[in-house]
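# Commentary on secondary and tertiary structure
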Amino acid sequence: MPADIIQTSASTSSKSADALIEIDGVGKTFTGQDGENIIALEDTDLKIGRGEFLSIVGPSGCGKSTLLNLVAGLLETTRGEIRIDGEQVNGPYTDLGFAFQSDLLLDWRTVLRNVLLQCDMRGMDSKQHTGRARKLLKSVGLEGFEDKRPFELSGGMRQRVALCRALLLDPPMLLMDEPFGALDALTREQMQSDLLDMWQETQKTVLFITHSISEAVYLSDRIVVMSARPGKVREIIDVDIDRPRDLSVRDSAEFGAIVHRVRLLFQEMGVIH
Ligand SMILES: Nc1ncnc2c1ncn2[C@@H]1O[C@H](COP(=O)(O)OP(=O)(O)OP(=O)(O)O)[C@@H](O)[C@H]1O
Ligand SMILES: [Mg+2]
């Protein structure tokens, strides 16, 4: 293992020194149907820097979606606290874009109206945002589909509509829960590359969940590897690969070494054999 390539860090990096999101001693316990405690997340500390692209990987059920929902204020912490820009999150936090694990498009609304959904929910004048909605749809190759209904689209197209919806109000922070999980390999690569371009241009802070190790390495500044339930941060790995990155970076030795490192951690945890 080329040790000089792989750097792990406790919970900081040069970017996270200026933290936008602080997850401080956070735990989450759910109550199951029979009243039993389900500990989804334990003792989680994490700082996500302003403009950082941070990915979270971990076995199914280790609390990744729970963590994202806690950051968005859609769930309450059982222990610890989460701060965004120094302010404790005490309820739904609205200055962010959330791309959920399933696309959650509404079949009775057109593609365009789905992208504009946030305006309607917030009582904003959607006419002022129609131009941007159309532009976003065009940027992901969906020009001409504005008046279609979601059920007329493929899975990949639906995911792209959901991404446009998350980006509509140009939020400084994006929470993405396996947004490309349902895509075919080629569309997925295209979406990764588009997301990276967008991030490079806008310097948004992105918290990204994926099951794909190579996707995490390709996109991220750092990768958080979580252990199985109850979920905890197992290790944080710096992805010290120059930017801007293109798809050819996947063939490099440093890329392979980081993928290998994450895979080893999964093997150690018994997640893969
Ligand atoms: N509302 C809930 N009530 C009870 N248990 C829940 C609830 N939401 C999540 N859980 C449990 O908490 C644990 C973590 O769930 P979570 O959805 O965060 O996992 P995940 O890491 O996102 O998994 P996946 O990779 O499969 O999406 C799981 O054991 C799940 O069953
Ligand atoms: Mg999940």
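Here we summarise the structure given alongside this text. (Residues numbered from 1 in each chain as written. Chains lettered and ligands numbered in written order. Predicted model: local features only at pLDDT ≥ 70, side-chain atom pairs only at ≥ 80, totals over all residues.)

## Observations regarding helix 1 (residues 64-71)
Three- or four-residue spacings in an α-helix give side chains the same orientation, since the helix completes a turn every 3.6 residues. Counting buried residues in helix 1 gives 6 out of 8 residues, a clear majority hidden from the surface. Looking one or two residues past helix 1, Gly-73 carries a phi angle of roughly 75°, positive in sign. (Buried ≥ 20, exposed ≤ 12 C-beta atoms within 10 Å, placed from the backbone. Helix = DSSP H or I, 4+ residues; strand = E, 2+ residues; numbered from the N terminus.)

## A word on the sheet that holds strand 6 (residues 87-88)
Pairing is antiparallel across the open sheet formed by 4 strands, whose spatial order is 3-2-5-6. Looking along the sheet, the strands with just one partner apiece sit at the ends: strand 3 (37-49) and strand 6. (Pairing = 2+ DSSP bridges.)

## Observations concerning the site of ligand 1
Near ligand 1 there are 14 residues, and of these Phe-30, Ala-40, Ser-60, Ser-65 and Thr-66 occur at the shortest range. Of all the secondary structure elements, the ones that give two or more residues to the shell around ligand 1 are strand 3 and helix 1. It is helix 1 that provides the largest number of residues to the shell around ligand 1, a total of 3 residues. Among the residues forming the shell around ligand 1, the class breakdown is 4 nonpolar, 8 polar and 2 charged. (Near = placed C-beta within 6 Å. Nonpolar A, V, L, I, M, F, W, Y, C, P; charged D, E, K, R; others polar.)

## Regarding the nonpolar core
Val-71, Leu-137, Cys-164, Leu-175, Leu-207, Ile-223 and Val-224 are the most contacted members of the largest nonpolar core, which totals 69 residues. At 7 residues, the largest contribution of residues to this core is made by helix 5 (residues 155-167). Two domains each put at least three residues into this core: domain 1 (7-96 + 171-268) and domain 2 (106-170). Those residues within four positions of Val-71 in sequence are excluded, and the remaining contacts are Ile-21, Ile-82, Val-89, Leu-175 and Leu-207. (Core = buried A, V, L, I, M, F, W, Y, C linked by C-beta atoms within 7 Å. Domains from an automatic or database assignment. Contact = placed C-beta atoms within 7 Å.)

## Considering the pairing of strand 10 (residues 222-226)
When you tally the buried positions in strand 10, you get 5 out of 5 residues, the bulk of the element. Side chains Arg-222, Val-224 and Met-226 of strand 10 all project onto a buried face; the interleaved residues Ile-223 and Val-225 project onto the opposite face, where all are buried too. When strand 4 (residues 53-57) meets strand 10, the two strands line up parallel, connected through 4 bridges. Residue pairing for strand 10: Leu-54 is matched across the bridge by Arg-222. When strand 10 meets strand 11 (residues 233-238), the two strands line up antiparallel, connected through 5 bridges. Its bridge partner lying in strand 11, Ile-223 is registered against Ile-237. Linking strand 10 to strand 11, which pair antiparallel, is a turn of 6 residues.

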